[in-house]
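Remarks on the overall topology
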Amino acid sequence: MRDARSSALFAKARRVIPGGVNSPARAFRAVGREPVFIARGEGCRMWDADGNEYVDFVGSWGPLLLGHRHPEVVAAVRDALERGTSFGAPTEAEVELAELITEVVPSMETVRLVNSGTEATMSALRVARGYTGRDLAVKFVGNYHGHVDSLLVKAGSGLATLGISDSAGVPGAVASTTLALQYNDIPAVHEAFDRHGDRIAAVILEPVVGNMGCVPPEEGFLARLREVCSQNGTVLIFDEVMTGFRVALGGAQSLFGVTPDMTTLGKVIGGGLPVGAFGGRREIMDCVAPLGPVYQAGTLSGNPLAVAGGLATLKHLRSHPEVYERVESVGARLRAGVTEAASSAGITITSNRVGSMLTFFFTNRKVRNWEDAATCNTEAFGRYFREMLDRGIYLPCSQYEALFVSSCHGDGDIERTVEAAGKAFRAAA
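What follows deals with the overall build of the protein chain. From N to C terminus, the protein chain includes 15 helices and 14 strands. Compactness check: the protein chain gives a C-alpha radius of gyration of 21 Å against a globular reference of 22 Å for 429 residues, within 12% of the reference. For the protein chain, with 429 residues in total, the buried portion stands at 58%. Considering only intrachain contacts with a sequence separation of at least 6, the fraction spanning at least 24 residues in the protein chain is 72%.

Next up, the structure:
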């Protein structure tokens, strides 16, 4: 049996882990099969517990822009491990990473390291509320900002995949502090500010959405948000947990030329290790304890191993700008090849791509917001996913996630993927 070992592990996991997985995004429920358990990775390849090989387009959900086990990252983490795993005290490497972040993302004048993207967005929102003295926040339907109580309102990603619009356990009073608007809808933003402008502490968004599939901002959307927030004394937060250092070295804000007041980071910043960060204008960040009244803390924040992995990754990206040229080219070839394969098989899809982020939507509708994404044929996507997995192509197990290209994906990997897609489309039709 191709997945005998994975199946046995999943049965064992379900006895001791809710649903058998430590994150719903790994469950494979939406695509009608059990998950495979991964044993190891190298470059753009992974091998599961049964020895099956895959071309990986998930990349640990985004962090692995340089692929699995990049030599410089492995060497840096190994060197840090020789000195200790955790100190709960400041280290020189933390300062170096913070300096590097502020260098390549100038809007982050000061930065606080945390352990995850969820911690980063949770903390940034608290700081924005503390800085402004206001309670309300604007988010956009289909944008996911981690499992923060007040932001689990009309979220995308796993919530959409599981058919849940909001999470149980979130008090109504907490949810009521969030205004959920349609992405790319400036008139809705104006209406919200006309009614609540003096109460809105922050607008938070993914500048390129990755959690209802890859959805880019329409021309002028980010710039107008910047203007509205400035006019109303509202903190504009770019959640670049997914886009930071991936769509460009300086993130989506450098790609689109719009400067937020605060930024949250994760994924690529750790090179595959658990780390996140939030930062922004100095006057806002000076509200954070111990300088100011907004409390935020973390015993393992700035963990030496995670910082080492992040430093190695960001240093490599800074000194090798050709990485972005490569993933841009590979992403374009992948999009063109799979689109042509679908057309040849008589399958209707549309696609969005920003650099190395890409989603194939099983709909004939242009996807610019959650309402468009929700028209996708998720059953067809599930059949396609299973066919691709059987052919050794590891894709995100949800229609509402972006796939990620790494610098390790070569021409042969793209050719193999496009060939597999043609067969998968015909089999899934």
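Bringing the layout of surface pockets into the picture now. Its boundaries defined by the atoms lining it, the second largest pocket holds a volume of some 630 Å³. Along the wall of the second largest pocket there are 28 residues; nearest its centre are Glu 94, Val 111, Arg 112, Leu 113 and Ser 301. Among the secondary structure elements, those contributing two or more residues to the lining of the second largest pocket are helix H3 (92-104) and strand S4 (110-114). Top contributing element to the lining of the second largest pocket by residue count: S4, with four residues.

This part takes up the sheet that holds strand S12 (residues 357-361). If you walk across this open sheet you meet the three strands as S11-S12-S14, and the pairing is antiparallel. Every other strand in the sheet has two partners, leaving strand S11 (350-354) and strand S14 (403-404) as the edge strands with one partner each. Two strands pair when backbone bridges link them, and S12 and S14 are joined in this way by two bridges, in the antiparallel orientation. Each bridged residue has a counterpart across the sheet, and for Leu 358 the counterpart in S14 is Leu 403.

We now examine the pairing of S11. With five of its five residues buried, S11 lies for the most part within the structure. Side chains of S11 alternate between two faces, with Thr 350, Asn 352 and Val 354 and Ser 351 and Arg 353 buried alike. Bridge count between S11 and S12: five bridges; the pairing is antiparallel. Bridge pairing links Val 354 to Met 357 in S12.

With their axes 8 Å apart at the nearest point, helix H2 (residues 71-81) and helix H11 (residues 304-319) run at an angle of 150° to one another. Comparing their axes, H11 and H2 come out roughly antiparallel. Where H2 crosses over H11, the two elements pack in a sense that is right-handed. For the pair H2 and H11, the contacting residues are Glu 72, Val 73, Ala 76, Val 77, Ala 80 and Leu 81 in the first and Pro 304, Leu 305, Ala 308, Gly 309, Ala 312, Thr 313 and His 316 in the second. Of the residues that constitute the contact of H2 with H11, the class distribution is nine nonpolar, three polar and one charged.

Further remarks concern the packing of H3 against H11. Between H3 and H11, whose axes approach to 10 Å, the crossing angle comes to 35°. The chirality of how H3 crosses H11 is left-handed. Contacts between H3 and H11 pair Ala 93, Glu 94, Glu 96, Leu 97, Leu 100, Ile 101 and Glu 103 from the former with Val 307, Gly 310, Leu 311, Leu 314, Lys 315 and Arg 318 from the latter. Considering only residue class, the contact of H3 with H11 consists of seven nonpolar, one polar and five charged.

Considering the arrangement of structural elements, one finds His 145 in the loop between strand S5 (136-140) and helix H5 (157-161). Taking relative accessible area as the criterion, His 145 reaches 1% and is therefore assigned buried. Polar contacts involving the side chain of His 145 include one to the side chain of Asp 239, which spans 2.7 Å. Setting aside residues up to four positions removed in sequence, His 145 forms contacts with Thr 118, Thr 121, Lys 139, Leu 151, Ile 204, Leu 205, Glu 206 and Asp 239.

Once that is clear, we can look at the environment of Gly 292. As for its position among the elements, Gly 292 is in the loop between helix H10 (282-285) and H11. When the C-alpha positions of Gly 292 and Gly 302 are compared, they lie 20 Å apart, and in sequence the two are ten residues distant. In contact with Gly 292, not counting residues within four places along its chain, are Asp 286 and Cys 287.

Looking now at the confidence of the model for the protein chain. Of all residues in the protein chain, 96% have pLDDT values of 70 or greater, and the mean over the chain is 94. Here residues 155-165 scores under 50 on pLDDT; set against residues more than four positions off or in separate chains, the count is 27 contacts.

With respect to topology, seven strands assemble into an open sheet ordered S4-S10-S9-S8-S7-S5-S6, the strand pairing being mixed. With one partner strand each, in any of the chains shown, S4 and strand S6 (178-181) form the two edges of the open sheet. Along the sheet, successive strands turn relative to each other by an average axial angle of 20°, direction set aside. Bridging between strand S9 (residues 262-265) and strand S10 (residues 276-280) involves four bridges; their strand directions are antiparallel.

What follows is about the nonpolar core. Ranked by internal contacts, the top residues of the largest apolar core, which has 63 residues, are Phe 57, Ile 101, Phe 245, Leu 314, Leu 317, Tyr 384 and Phe 425. No other element matches helix H12 (residues 322-344), which puts eight residues into this core. Each residue touching Tyr 384, except ones within four places of it in the same chain, is listed here: Val 338, Phe 362, Leu 395, Ala 421, Ala 424, Phe 425 and Ala 428. The next biggest cluster of nonpolar side chains, apart from the first, holds 30 residues, and it includes Val 189, Val 203, Val 228 and Val 258.

Under the defined criterion, the tally for this structure stands at twelve aromatic pairs. Summarising the aromatic geometry, the rings of Phe 140 and Tyr 183 are spaced 6.1 Å apart at their centres and angled 85° between planes, so their arrangement reads as edge-to-face. Linking Phe 140 in strand S5 with Tyr 183 in the loop between S6 and helix H7 (186-196), this pair joins segments that are 43 residues apart in sequence. Taken individually, Phe 140 and Tyr 183 each receive the classification buried, so the pair is uniform in this respect. Counting every residue linked through ring pairs, the aromatic cluster contains Phe 28, Tyr 54, Phe 362, Phe 381, Tyr 384, Phe 385, Tyr 394 and Phe 425. Across the ring face of Trp 47, the terminal group of Arg 40 is positioned such that the distance to the ring centre comes to 4.0 Å.

Conventions and cut-offs
Residues numbered from 1 in each chain as written. Predicted model: local features only at pLDDT ≥ 70, side-chain atom pairs only at ≥ 80, totals over all residues. Heavy atoms only, no water. Helix = DSSP H or I, 4+ residues; strand = E, 2+ residues; numbered from the N terminus. Rg over C-alpha atoms; globule rule 2.2 N^0.38 Å. Buried < 20%, exposed > 50% of the residue type's maximum accessible area, 1.4 Å probe, protein only. Contact = heavy atoms within 4.5 Å. 1 Å grid on protein atoms, 1.4 Å probe; cavity = no way out; pocket = protein on both sides within 12 Å on 5 of 7 lines; lining within 4 Å. Points joined across faces, edges and corners; volume = space filled by probe spheres on them. Pairing = 2+ DSSP bridges. Axes fitted to C-alpha atoms, helices over the stretch in contact; angles between N-to-C directions. Parallel < 35°, antiparallel > 145°, perpendicular 65-115°, else oblique. Left-handed = near helix turned anticlockwise from the far one by under 90°. Nonpolar A, V, L, I, M, F, W, Y, C, P; charged D, E, K, R; others polar. Polar contact = N/O pair within 3.5 Å; in protein donor to acceptor, adjacent residues only side chain to side chain. pLDDT = per-residue confidence, 0-100. Core = buried A, V, L, I, M, F, W, Y, C linked by side-chain atoms within 4.5 Å. Phe/Tyr/Trp six-rings, centres within 6.5 Å; stacked < 30°, edge-to-face > 60°. Lys NZ or Arg CZ within 6 Å of the ring centre and 35° of its normal.

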